[in-house]
Amino acid sequence: MSTTPHRLWYPRPARAWLEALPVGNGRLGAMVYGGTATEELQLSEDTVWAGGPHVFDNPGAREALPEIRRLVFAGEWDAAQRLIDAGFMGIPVKQPPYQTVGSLRLAFPAGEDDEGGEDGGVSGYRRELDLATAVHAVEFSRAGVRHRREVFATAADQVIAVRLTADSPGAVTFTAAFGSPLATGTSSPDAATIALAGRGEDSGGVAGRVRFTALARAVAEGGTVTSRDGELRVDGADAVTLLVSAGTNYVSWRDLGGDPRARADRDLAAAGSLTYARLRERHVADHGELFGRADLQVPATAAAVLPTDERIAGFANGDDPQLAALCFQYGRYLLIASSRPGTQPANLQGLWNDMTDPPWGCKYTININTEMNYWPAGPANLLDCWQPLFDLLRELRESGARTARDSYGARGWVAHHNTDAWRGTAPVDGAFWGMWPTGGAWLAMSLWEHYRFTGDMAALREHYPVLADAARFFLDTLVEDPGSGHLVTCPSVSPENAHHPGDGGSLCAGPTMDGQILRDLFGAVDAAGRLLGIDEELRAGARAAARRLPPMRVGALGQLQEWQQDWDAQAPEQDHRHVSHLYGLHPSNQITADTPELFEAARVTLEQRGDAGTGWSLGWKINFWARLADGDRSFKLLSDQLTPERTAPNLFDLHPPFQIDGNFGATAGITEWLVQSHTDELRLLPALPGALPEGRVRGLLARGGFEVALNWSGGALAEARVTSRLGRVARVRSAADLEVESGDGSPAAATRPAPGLLEFPTRAGADYVLRPRR
Ligand code: FUC
């Protein structure tokens, strides 16, 4: 099979933001339109937020809590909701939004054949984004001159670089200027540079205190460069490198003491000391080091050469399976571009945002969305990209300790369903959506997942306090349910779903998802504390509390109950997009083929909910069906996602509107077709869709410290190569009966403890080749 390049391409410029293509270095990003007469780089910087450092906690919350609990247990949900909305919600009740930097716009002289402002006379146009190099390129001819423009955002040198060239001398002429809804001024600091200064807006009574600066500097070969009153002019150059930098005063969630201009100046000067060729080389190497760690190849059909938007429109025809491989790599590309060590985590739109008031504030919704963003980090071999989430968690431990103390009188830390640049942890958006205390705990499970993939004890030691304090909060706040006697969260919700009509119909005690998350959290704290040899008392408490959590239950319809009570059949929204109680199926491992009744109930639940949903809801269902070992149904959910209704021309997932979680959910789901390790066994091709009979993948990571490469053919495993990083015993499951030898050809000592299970010791650093027994 020849290697298919991973590229998005189009025969015309973008006319709208969702046709433009994203580049990003984790912090600084651009949406590139690829125009010929004009070009727009719509810019984002991940610390440009409205508002400023702020304490969101409601001072009356703690006093209101006993009565809120009483009302919830009494089934007086509407009254409970009124009390929560009046006295428990954060102040203000909405967290401030992430905001756009603005745009850098280039204008080129009109083409000779131009009529009525259209850029006529252009031929041979193509724009593309190469995911392997993270370079955007545009090529076209006009008036006998071939133009090429490249754009990339480099993490190695912290700028966006634009290179404009033409195949005839003196043919590069343009003006460039910044525009921004948040501008406080534009200027020309020197003869080759323009500057934009701006400020984040006030929000809900919180003063806008983020200040930012963007700079653009032209370095021309031949021709002239001038800058006046915020406009840059390049005349008759052979080639031009345009460098864009940006800085803000954001140092951390409670420190705005940075100097935006100094940051932007420093980055521009450093990048400006390198040639374009060198900047590009450093960028391609840096990106490639991450991107190249994994690859998925399936045979390309004729449809694979079509423009990307046509491929999306035609995916339902079933003749373009390679688009699934492109989606897999696009999610990896987007995570690399929006989440690098030292940056903010990927938000609801990753990094890219052209609005001052984007949907849901483009924040961190942590009742599914932010978690989903990071599902690919382990399996798709992007461990480094996880770091911003761990930094966020370290900070939430601090801000959430105040909420735990002031709103609940508890130790530890808590975060509800949403957070932001200011690390807000109080409940927000109203009781119906926001009264969910388990968001921080779910997010914190990523720290334990990191250990499961890496076995990294130093990281575990560093992360442990976040996990331990998350558990302490629940040890202090779980209450005994007067009905069931179990230890439950109260008040809580099963994210965003109502069990009864009425204002307070979402409020409840001990929803199934909370029990599942806390079972995981307590288990992780117990296991981590044991590995580190610390905290025996906390561990014992966590074990005891875990035993008293409500069990998962099968309801009258054969479904997994979403709540302790069998309310599912009467819930007002039977097809609700959240399927929170299947957390136990994915991402957790509490529901597997080893718990057959729950496994079947999870399947029944998914059938009852139906396949329809928002982009991220479909993304989660791709993963659910893969865990249920139904590759065809899982593929069908990807197909439902890959329609013009749910996927934009630029392959951004649509809620709608654009929300990036669906992209990451799809990438994670595709890894689940090929390799699963949630039970600490390596499952090879556990859910291979019939639509992908041939293919190969390399670089997938599995829990236990394994890296896996696979070839398959005729829908069956041909060969697997397992690299052991930690030297642990490998337990491998596959449909075929396998035999194993060491990568150097020597036999490996394997046993078959159960049908379909092969077990063998490994050495750290060694490879093992597995093939079906003949
Ligand atoms: C949750 C979801 C919505 C949306 C929002 C950002 O509230 O229920 O569908 O994704 O997050």
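Residues numbered from 1 in each chain as written. Predicted model: local features only at pLDDT ≥ 70, side-chain atom pairs only at ≥ 80, totals over all residues. Heavy atoms only, no water.

By the naming in an unreviewed UniProt entry, the protein is Glycoside hydrolase family 95 protein, taken from Streptomyces johnsoniae.

(A) Here's a closer look at the environment of Asp476. Assignment of secondary structure puts Asp476 in helix α11 (residues 457–477). For the pair Asp476 and Trp620, spaced 144 residues apart in the sequence, the C-alpha separation amounts to 32 Å. Leaving out residues up to four positions away in the same chain, Asp476 has contacts with Ala410 and Arg411. Here the side chain of Asp476 touches Arg411 through a polar contact of 2.9 Å, landing on its backbone nitrogen. (Helix = DSSP H or I, 4+ residues; strand = E, 2+ residues; numbered from the N terminus. Contact = heavy atoms within 4.5 Å. Polar contact = N/O pair within 3.5 Å; in protein donor to acceptor, adjacent residues only side chain to side chain.)

(B) Spotlight on empty space enclosed by the protein. Enumeration over the complete set of coordinates arrives at 10 cavities of 30 Å³ or more. Looking at the largest cavity, it is lined by 13 residues, and the ones nearest its centre are Gln559, Asp568, Gln574, Gln608 and Arg609. In terms of residue class, the lining of the largest cavity is made up of 3 nonpolar, 6 polar and 4 charged. (1 Å grid on protein atoms, 1.4 Å probe; cavity = no way out; pocket = protein on both sides within 12 Å on 5 of 7 lines; lining within 4 Å. Points joined across faces, edges and corners; volume = space filled by probe spheres on them. Nonpolar A, V, L, I, M, F, W, Y, C, P; charged D, E, K, R; others polar.)

(C) Layout of the sheet that holds strand β15 (residues 231–237). The strand order across the open sheet built from 7 strands is β2-β3-β4-β5-β10-β15-β14, with neighbouring strands paired in antiparallel fashion. Two strands bound the open sheet, and with one partner strand each, they are β2 (21–24) and β14 (224–228). Each adjacent strand pair in this sheet contributes to an overall mean axis angle of 20 degrees, direction not counted. Direction of pairing for β14 relative to β15: antiparallel, over a ladder of 5 bridges. Residue Arg228 lies in a different strand from β15, and its bridge partner there is Glu231. (Pairing = 2+ DSSP bridges. Axes fitted to C-alpha atoms, helices over the stretch in contact; angles between N-to-C directions.)

(D) Quick peek at the sheet that holds strand β32 (residues 757–760). Ordered by their spatial adjacency, 5 strands build an open sheet running β24-β25-β29-β32-β31, and the pairing between neighbours is mixed. Here the strands that pair on one side only, and so sit at the sheet edges, are β24 (675–676) and β31 (751–754). Note: β31 against β32, 2 bridges, orientation antiparallel. Across the sheet, the residue bridging to Ala754 is Leu757, located in β32.

(E) Representation of the nonpolar core. Leu104, Phe174, Tyr333, Leu521, Trp673, Leu674 and Leu710 are the most contacted members of the largest nonpolar core, which totals 224 residues. Setting aside its immediate chain neighbours within four residues, Tyr333 contacts Pro22, Val23, Leu129, Leu131, Ala134, His287 and Phe291. Core analysis: the next-biggest nonpolar cluster, separate from the first, contains 12 residues, Phe152, Leu215, Ala264 and Ala271 among them. (Core = buried A, V, L, I, M, F, W, Y, C linked by side-chain atoms within 4.5 Å. Buried < 20%, exposed > 50% of the residue type's maximum accessible area, 1.4 Å probe, protein only.)

(F) Expanded view of helix α13 (residues 536–547). The end-to-end C-alpha separation of α13 is 17 Å, in line with the 16 Å expected for 12 residues at 1.5 Å each. Looking at α13, one finds that the buried residues are Leu538, Arg539, Ala542 and Ala545. Buried residues along α13 cover an arc of 130 degrees about the axis, so they all sit on one side. Residues of α13 that are exposed and angled more than 90 degrees away from the buried face: Glu537 and Arg547. Packing partners of the buried residues in α13 comprise α11, β21 (487–488) and α12 (512–532). (Expected span 1.5 Å × (residues − 1). Arc of directions from axis to C-beta.)

(G) Quick look at the site of the ligand. Lining the immediate environment of the ligand, one finds Leu348, Trp360, Thr365, Asn369, Glu496, Arg577, His578, Trp616, His655 and Gln659. Between His578 and the ligand, the recorded distance is 2.5 Å, taken from a side-chain N or O atom to an oxygen atom. Note that an oxygen atom of the ligand is positioned 2.6 Å from one of the side-chain N or O atoms of His655. Protein burial of the ligand: of its 290 Å² of free accessible surface, 96% is covered by the chains. Its residues assigned to classes, the shell around the ligand shows 3 nonpolar, 5 polar and 2 charged. (Near = heavy atom within 4 Å. Areas by Shrake-Rupley, 256 points an atom, 1.4 Å probe, with all protein chains shown as cover.)

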